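# Structural overview for review
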Amino acid sequence: MRKWKLLFAVLACLTLNAAARADEEKIAIDKLPAKVLAAVKEKFKDAELVSASKEKEDDKTLFEVQIKVKGQTIEVTLTEDGKITEIEKEITAKDLPKAVMEAIDAKYPKAKFKKVEEVTKGEKVAYEVLIDTADKKTLEIKYDADGKVLEMEDKTGKDDENDKKEEKKKDK
């Protein structure tokens, strides 16, 4: 009987995980709601619309629109009515606040940067870095502007894009 319960629990977890990943679907930019398009175009006047996706989260439909502005990649997350909930801007390590760079250099002196983003949620700005450390670990770390670690995840050997999407779902 215990084996059946365990098997059922494992299958339930696998099914829920697959369902969570299936919630996000790519959509054509011309299929975005007018309010979503208008909000992106108003906030980022010189934006080139690159791609879009739609996902359900806590019974809310969210749209993620990837744009390019002067060569910079930006992901904008919006509600159906065009309210911007999050902006992720790809930046370079030299664009990080001094306190964040000092925190990284102190803890991971020979780290190599794979990805650096400025994440704005409401009025709060954080910095997310994906680094390879000197001891061959891949870490995703989120810092506040003062260099305080907000979140950290070991991504060694993981598929970065899928993990990032799952992490975003947890954040929202």
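You'll find the structure just up there.
Attention here is on the structure that accompanies the text.

Cut-offs applied
Residues numbered from 1 in each chain as written. Predicted model: local features only at pLDDT ≥ 70, side-chain atom pairs only at ≥ 80, totals over all residues. Heavy atoms only, no water. Helix = DSSP H or I, 4+ residues; strand = E, 2+ residues; numbered from the N terminus. Buried < 20%, exposed > 50% of the residue type's maximum accessible area, 1.4 Å probe, protein only. Contact = heavy atoms within 4.5 Å. Areas by Shrake-Rupley, 256 points an atom, 1.4 Å probe, with all protein chains shown as cover. Pairing = 2+ DSSP bridges. Axes fitted to C-alpha atoms, helices over the stretch in contact; angles between N-to-C directions. Core = buried A, V, L, I, M, F, W, Y, C linked by side-chain atoms within 4.5 Å.

This next bit is on the overall build of the chain. Each helix and strand in the chain was counted, giving four helices and nine strands. Counting over 172 residues, the chain shows a buried share of 37%. The long-range fraction of contacts in the chain, counting pairs at least 24 apart against all pairs at least 6 apart in sequence, stands at 42%. Total accessible area on the chain stands at roughly 11,100 Å², and carbon and sulfur atoms take up 54% of it.

Turning to the pairing of strand S4 (residues 72–79), a few remarks are in order. With seven of eight residues buried, S4 lies mostly within the body of the structure. Of the strand pairs in this sheet, strand S3 (residues 60–69) and S4 are connected by eight bridges, and their pairing is antiparallel. From the neighbouring strand, glutamine 66 faces S4, where its bridge partner is glutamate 75. Here S3 folds back onto S4 in antiparallel fashion, the turn holding two residues, of which lysine 70 has a positive phi close to 50°. Taken together, the five bridges between S4 and strand S5 (residues 84–90) define a ladder with antiparallel strand orientation.

What follows concerns unusual backbone geometry. Look at aspartate 58: it is not a glycine, yet its phi comes out positive at around 50°. Mapped onto the elements of the fold, aspartate 58 is located in the loop between strand S2 (48–57) and S3. For aspartate 58, a relative accessible area of 65% gives the class exposed. Unusually for a residue other than glycine, lysine 136 sits at a positive phi of about 65°. Mapped onto the elements, lysine 136 comes out in the loop between strand S7 (124–132) and strand S8 (138–144).

Right, let's talk about the sheet that holds S5 for a bit. Judged by pairing direction, the sheet is antiparallel, and its nine strands sit side by side in the order S1-S2-S3-S4-S5-S6-S7-S8-S9 without closing on themselves. Strand pairing shows two members of the sheet lacking a second neighbour, strand S1 (25–27) and strand S9 (149–154), which therefore form its edges. Along the sheet, successive strands turn relative to each other by an average axial angle of 20°, direction set aside. Across the face of the sheet, helix H2 (residues 34–43) comes into contact with S2, S3, S4 and S5 while running at roughly 140° to S4. Here helix H3 (residues 98–107) sits on the sheet and contacts strand S6 (112–121), S7 and S8; the angle it forms with S8, its principal contact strand, is near 145°.

Moving on: the nonpolar core. Judged by nonpolar contacts, the single largest core of 16 residues is most densely connected at Leu32, Phe44, Val65, Ile67, Ile74, Val76 and Leu78. Only H2, S3 and S4 provide two or more residues apiece to this core. Apart from residues lying up to four places away in sequence, valine 76 is in contact with Val40, Phe44, Phe63, Glu64, Val65, Ile67, Ile84, Glu86 and Ile87. Leu96, Ile104, Tyr127 and Tyr143 belong to the second largest nonpolar core, which has 14 residues in total.

Take the environment of threonine 92 next. Of note, threonine 92 is situated in the loop between S5 and H3. Note: C-alpha distance between threonine 92 and lysine 115 (23 residues apart in sequence) is 7.9 Å.

Among the secondary structure elements, leucine 150 is positioned in strand S9. For the pair formed by leucine 150 and glutamate 128, sequence separation is 22 residues and the distance between their alpha carbons is 9.5 Å. Excluding its chain neighbours within four sequence positions, the residues that come into contact with leucine 150 are Ala126, Lys142, Tyr143 and Asp144.

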